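# A structural walkthrough
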Amino acid sequence: MYVLVVNCGSSSLKFQLIELPEERVVAKGLVDRIGQKVSAQFSYSSGERSFPVATVDAPDHPAALGHVIAALTSGATAVLRARSEIGAVGHRVVHGGEKFTGSVVITEEVLRCIEECGALAPLHNPANLAGIRACMEALPGVPNVAVFDTAFHQTMPPHAFHYALPYELYEQDRIRRYGFHGTSHKYVTETFAHIAGIPLDRVCCITCHLGNGSSLAAVENGHSVDTSMGFTPLAGVVMGTRCGDIDPALVFHLMKVKGLGAEQLADLLNKGSGLLGFSGVSSDMRDVLQAAQQGHVRAALAIELWAYSIAKYIGSYAAILPRVDGIIFTAGIGENSALLRAVICEKLRGLGILLDPTANERGKGARCISAATSRISIWVIPTNEELEIARETFELTARHE
Ligand code: ADP
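Everything quoted here is computed from the prediction, not taken from an experiment.

It is worth spelling out helix α13 (residues 338-346) at this point. In an α-helix, one turn spans 3.6 residues; hence positions three or four apart end up facing the same way. Three or more residues of α13 are buried, namely Ala338, Leu340, Arg341, Ile344 and Cys345. Buried residues of α13, seen end-on, are gathered within an arc of 165° and therefore sit on one face of the element.

Okay, structure coming up:
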């Protein structure tokens, strides 16, 4: 069965067509700059073949999806005979609030709930909904599945997800920790359990999703019991442009002394902080690393802040878990930077955590990188959120049929 995996942002539509149960990526691509003044760009590849980036007319998500379906089914880019070969569509949905503890087949009722959860993720859920509606229209009769970034963390116990705020704020406005990147944390947890030979319902691990946005999760017996992001993705460790944890009183201090409003502060903390704001160099870790290696003092210190914030979370999760079977690094930085994995692990020597330098620097794919004497094993496991979405979509729609 062909599953189309769709991830819509406000001005982008990323997709993969995956054949299941073979788990073969048949085609993938991105329509970027949807609805912007400049023309949209369409990149597409199938199998080993990449096609030149095309300029397309995409004033909205339905138009962008039209280009995707046309590419999948016609001309030199075709991989399907007809759109009817698409058996199901899996959508990444950012916020499922407390309603969704797992993936679901989309019904009118589900659409209404996703819309309601939009109050919690006003930037993301509306774009996700636009993608879902476009698919319902273009592929009538094909089941759509929603896979939520928040769902994996819905197993957090109350003492982990509540904030010590007046309880009415939770009751009336659902103010609590939700956590994000759940699809990635879930995928690497499952992969880790599989390759380490531990039953999923017994695995305890710390998953470190370190990309542009970063979050960690504490996983006990296969379930997320804590995570570093909070009510929004701003909380937790230092990120590309987000500050991570700060003293919340800074917000009103900055309002007073800088005369900043809510929007400006949101921009400052979400888009102008983190590696970018502190180093003044870039939000991209490769640029910051390069600047640090060339002697840029603030870039070097930005990396220290970043690594220190991650090491502290790992330490706190090691403290609250009954045991740790493994620490898992994933996403852009976690998978690719042996140097930064070493910088983080160096700060954890007090816990008896030791890397094997050769395994850390060489090797590819999912692997153990800790020394035989390490008290906790350390792993690199490449994440694959699209595959996780495809698997869950396949599972739900196969059962649905
Ligand atoms: P996103 O959160 O946007 O999905 P990714 O998971 O793709 O991001 O991670 C992007 C980050 O990974 C960027 O900061 C990039 O610089 C970093 N990155 C990728 N490769 C390397 C590398 N070899 N060394 C250090 N950082 C890397």
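That covers the picture; the talk isn't over yet.
For the rest of this paragraph, the subject is the site of the ligand. Taken together, the neighbourhood of the ligand is formed by Gly211, Asn212, Gly213, Asp284, Met285, Arg286, Leu289, Ala331, Gly332, Ile333, Asn336 and Ser337. Glycine 213 has a polar backbone atom sitting 3.4 Å from an oxygen atom of the ligand. Within the side chain of aspartate 284, one N or O atom sits 2.4 Å away from an oxygen atom of the ligand. A total of 580 Å² of accessible area belongs to the ligand in isolation, and the protein chains cover 67% of it. Every element with two or more residues in the shell around the ligand is listed here: α10 (285-293) and α12 (331-336).

Among the 8 residues in strand β6 (residues 86-93), 6 count as buried, and that is most of the element. Across 5 bridges, the pairing between strand β1 (residues 2-9) and β6 is parallel. By the bridge assignment for β6, valine 3 is matched with alanine 88.

On to the side chain of serine 309, then. Here serine 309 is to be found in helix α11 (residues 297-320). Taking relative accessible area as the criterion, serine 309 reaches 12% and is therefore assigned buried. One polar contact links the side chain of serine 309 to the main-chain amide nitrogen of valine 238, over a distance of 3.2 Å. Excluding anything up to four places from it in sequence, serine 309 contacts Val237 and Val238.

Core analysis: the largest hydrophobic core is formed by 38 residues, its most contacted members being Leu210, Leu216, Met285, Trp306, Ile314 and Ile344. Sorting the residues of this core by element identifies β9 (205-210), β10 (214-220), α10, α11, β12 (326-330), α13 and β14 (378-380) as the ones contributing at least two each. Looking at this core element by element, the count peaks at 10 residues for α11. Listed in part, the 30 residues of the second largest apolar core include Val6, Leu13, Leu17 and Leu65.

Further remarks concern the packing of aromatic side chains. Within this structure, the stated rule accounts for 10 aromatic pairs. Between the aromatic rings of phenylalanine 42 and tyrosine 44, the centroid separation amounts to 6.0 Å while the plane-to-plane angle is 65°, which identifies the pairing as edge-to-face. Looking at tyrosine 44, the relative accessible area reads 6%, which means it is buried. Of the aromatic side chains, those joined through ring pairs into one cluster are Phe15, Phe42, Tyr44 and Phe51. Positioned above the aromatic ring of tyrosine 170, the side-chain terminus of arginine 174 is 4.7 Å from the ring centre. The residue whose ring lies beneath arginine 176 is tyrosine 178, and the NZ or CZ to ring-centre distance is 4.9 Å.

About the thresholds
Residues numbered from 1 in each chain as written. Predicted model: local features only at pLDDT ≥ 70, side-chain atom pairs only at ≥ 80, totals over all residues. Heavy atoms only, no water. Buried < 20%, exposed > 50% of the residue type's maximum accessible area, 1.4 Å probe, protein only. Helix = DSSP H or I, 4+ residues; strand = E, 2+ residues; numbered from the N terminus. Arc of directions from axis to C-beta. Near = heavy atom within 4 Å. Polar contact = N/O pair within 3.5 Å; in protein donor to acceptor, adjacent residues only side chain to side chain. Areas by Shrake-Rupley, 256 points an atom, 1.4 Å probe, with all protein chains shown as cover. Pairing = 2+ DSSP bridges. Contact = heavy atoms within 4.5 Å. Core = buried A, V, L, I, M, F, W, Y, C linked by side-chain atoms within 4.5 Å. Phe/Tyr/Trp six-rings, centres within 6.5 Å; stacked < 30°, edge-to-face > 60°. Lys NZ or Arg CZ within 6 Å of the ring centre and 35° of its normal.

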